[in-house]
Amino acid sequence: MGLFYQYSGKYITSETTIKVQKQYLLGSLLIMVFFLLPMYIFPSGGYQLVDIPILFIFLWALSHRDEINEDILRQIKPLIPFVLWVCLINGINYILYPRDLWYLFSSAIIIYGFFILYFFSIIFISLLKKRKNLNFIYIALIMSIFGCFLVKGYSDEGRVILSFNNPNQLAYFAVILCSYGILLIELNNNHEKVLLYDIINILFIIISFVFGLISLSRAGIFALICFGFYLLARARLFKVNIIVLFMTSISFLYFYFFSTYIFQEKIEVRPKRQWSLSEMIYGRDGILDRIYEPMKSLNGIEIVAGKGAGLLKEREELQRGFGKSKMVMEVHNMFMGIFRNYGIIGFLLFISWFVRYFWNSLTLKSGGWVIMALIIYNIGHDGIRFRSFWILLAFLNAMIWLEKRRQENTAPELLKPRLPLRLTAQQAHPIP
């Protein structure tokens, strides 16, 4: 039972006090992670300040592994063969080309993403079990938005980047922020609604659309358009689309009339022809180019096993005149990047997990749309290295778990339906 302490005429156990303190500690760590996520103090591809609180999150989750159930593990375990294949291919290539440390870094990034998915699934489940812990998630997302404005990214490229190193990262952040807003709206609709939560969720969606627009990222804008279709399709469920459209229109009008430099000066970076349908599909750096270009440099065994996620090998071949295709520093397509680096085997291992994950996401009304938006963005860019990508998937894991518990009528406190204050005569004495 533990010791008892008196507080305001009620008695609570010391064990309860410890649990509350742990929840506040976890919530504080989560807020710190989200606050630092958009701050790119160092160049892309390496570690950032956010990795410090993420490490503490890992340590906390290690001591609470029993809180993750078999349903969640079934969504994470199928990714392990892909992670092992990545380590194998990059390890072999590093032995052959020991000067190229990117083989090791690339493996570390994938392993890191896997651990983020696993450990953050644990902490989100722990937080979402109690309704009051939703405040931590909302505060974390709000602080993440503030974090976008506190530092200056490394390069401008003529487009808005805020605290990121390039505008495409800002667009990816916008897509992920919109995903949280839509998922939280569904969560709020699944139990006793809180008006303040809906207002904040609408603001998340509006801010994400503004971020996506000012980034001028085609992949990001089309991913957000996918969410726009979802909001229109689910008008009856959300009952907030008129408000969203009104406030979004006001925001865009403000930027257009009072902050014209955002559009008039930045839009010149992308000529009008880049927005034409034929250019986006068939043009240089279009969809087909981003699909076929990574495959041009593959031959022989590389088609099956890939060429690894290194850089130095291609650079040296080009310098000696042996390279027949342009050097691919970064593949602007997550799926083709996996194919190029890890071959048919690695591609199939990843796709088999991703398709399973997509199927499980259909448990939620908005889950499949979130995955579709991520797919649309990652057809144009390689977002598998983005920490926020794995954290969002972990949150989606927890949401799927909660929805299944709700459907089984075994939901924790957060999703238990509100009981009616008074029963009608028929409810109190049902007719047999």
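Here is what the cut-offs are and how they apply
Residues numbered from 1 in each chain as written. Predicted model: local features only at pLDDT ≥ 70, side-chain atom pairs only at ≥ 80, totals over all residues. Heavy atoms only, no water. Helix = DSSP H or I, 4+ residues; strand = E, 2+ residues; numbered from the N terminus. Buried < 20%, exposed > 50% of the residue type's maximum accessible area, 1.4 Å probe, protein only. Contact = heavy atoms within 4.5 Å. Areas by Shrake-Rupley, 256 points an atom, 1.4 Å probe, with all protein chains shown as cover. Patch = residues over 30% accessible without salt bridge, like charges linked within 9 Å, V, L, I, M, F, W, Y side chains within 5 Å. Salt bridge = Lys/Arg side-chain N within 4 Å of Asp/Glu carboxyl O. Phe/Tyr/Trp six-rings, centres within 6.5 Å; stacked < 30°, edge-to-face > 60°. Axes fitted to C-alpha atoms, helices over the stretch in contact; angles between N-to-C directions. Parallel < 35°, antiparallel > 145°, perpendicular 65-115°, else oblique. Left-handed = near helix turned anticlockwise from the far one by under 90°. Nonpolar A, V, L, I, M, F, W, Y, C, P; charged D, E, K, R; others polar. Expected span 1.5 Å × (residues − 1). Polar contact = N/O pair within 3.5 Å; in protein donor to acceptor, adjacent residues only side chain to side chain. Core = buried A, V, L, I, M, F, W, Y, C linked by side-chain atoms within 4.5 Å.

Asks: Would you mind going over the overall build of the protein with me for this structure?
Replies: A tally of helices and strands in the protein yields 20 helices and two strands. Put simply, the protein has 432 residues, and 52% of those count as buried. Long-range contacts, defined as pairs at least 24 residues apart, comprise 74% of the intrachain contacts of the protein with a sequence gap of at least 6. Taken as a whole, the protein presents about 21,800 Å² of accessible surface, with 67% of it coming from carbon and sulfur.

Asks: Would you mind showing me how to read a nonpolar patch on the surface here?
Replies: There is a patch of nonpolar side chains on the surface, built from Ile41, Phe42, Leu49, Ile52, Leu55, Phe56, Leu59 and Leu62 and spanning about 710 Å² of accessible area. Its location among the elements puts Leu49 in the loop between helix H1 (14-36) and helix H2 (51-62).

Asks: I'm lost on the packing of aromatic side chains in this one. Help?
Replies: Each aromatic ring pair is characterised by the separation of its centres together with the angle its planes make. The tally for this structure, following the rule as stated, stands at 32 aromatic pairs. Here Trp102 and Phe105 contribute two aromatic rings whose centre-to-centre distance is 5.9 Å and whose plane-to-plane angle is 85°, an arrangement assigned as edge-to-face. Of this pair, Trp102 and Phe105 both sit in helix H5 (residues 102-128), three residues apart, roughly one helical turn. Judged by its relative accessible area of 28%, Trp102 is partly exposed.

Asks: Any chance you could explain the packing of helix H6 (residues 134-147) against helix H7 (residues 167-189) here in plain terms?
Replies: A pair of packed helices is characterised by two quantities: the angle between their axes and the separation of those axes. Two elements in contact, H6 and H7, have axes separated by 12 Å at closest approach and are oriented at 155°. The orientation of H6 relative to H7 falls into the category roughly antiparallel. Crossing handedness for the pair H6 and H7: left-handed. Judged by residue contacts, Leu134, Tyr138, Leu141, Ser144 and Ile145 of H6 engage Phe173, Leu177, Tyr180, Leu184 and Leu187 from H7. Partitioned by chemical class, the residues of the contact of H6 with H7 number nine nonpolar, one polar and no charged.

Asks: When you look at the packing of helix H17 (residues 334-361) against helix H19 (residues 387-407) in this model, what are you seeing that I'm missing?
Replies: It is the contact of H17 with H19, at a shortest axis distance of 10 Å, that shows an interaxial angle of 45°. Put simply, H17 runs oblique to H19. Considering the relative orientation of H17 and H19, their crossing is left-handed. Note on element contacts: H19 touches H17 through Trp390, Leu393, Ala394, Leu396, Asn397, Ile400 and Lys404, opposite Trp353, Tyr357, Asn360 and Ser361. When grouped by side-chain class, the residues that make up the contact of H17 with H19 number seven nonpolar, three polar and one charged.

Asks: What exactly am I supposed to notice about helix H9 (residues 218-233) here?
Replies: Structural remark: α-helix, 3.6 residues per turn; residues separated by three or four positions point the same way. For H9, which comprises 16 residues, the first-to-last C-alpha distance of 23 Å matches the rise-based estimate of 22 Å (1.5 Å per residue) to within 8%. Of the positions making up H9, those classed as buried are Arg218, Ala219, Gly220, Ile221, Ala223, Leu224, Cys226, Phe227, Gly228, Tyr230 and Leu231.

Asks: Looking at this structure, I do not really get helix H8 (residues 195-215). What am I missing?
Replies: Given a rise of 1.5 Å per residue, 21 residues ought to cover 30 Å, and the 31 Å separating the end C-alpha atoms of H8 matches this to within 8%. When you tally the buried positions in H8, you get 15 out of 21 residues, the bulk of the element. Two residues or fewer after H8 comes Leu216, characterised by a positive phi angle close to 55°.

Asks: Honestly, the environment of Asn135 in this entry has me stumped. Any pointers?
Replies: For Asn135, the location among the structural elements is in helix H6. Separated by 108 residues in sequence, Asn135 and Gly27 have C-alpha atoms that sit 8.7 Å apart. Here Tyr197 takes part through its side chain, which lies 2.8 Å from a polar atom of the side chain of Asn135.

Asks: What is the right way to read the nonpolar core from this model?
Replies: As a rule of thumb, nonpolar side chains are buried together in soluble globular proteins. Grouped together as the largest cluster of nonpolar side chains are 111 residues, with contacts concentrated most on Phe34, Phe120, Phe124, Phe350 and Leu374. Here this core takes 15 residues from H7, the largest share from any one element. Those residues within four positions of Phe34 in sequence are excluded, and the remaining contacts are Phe124, Ala140, Leu141, Ser144, Tyr180 and Ile391.

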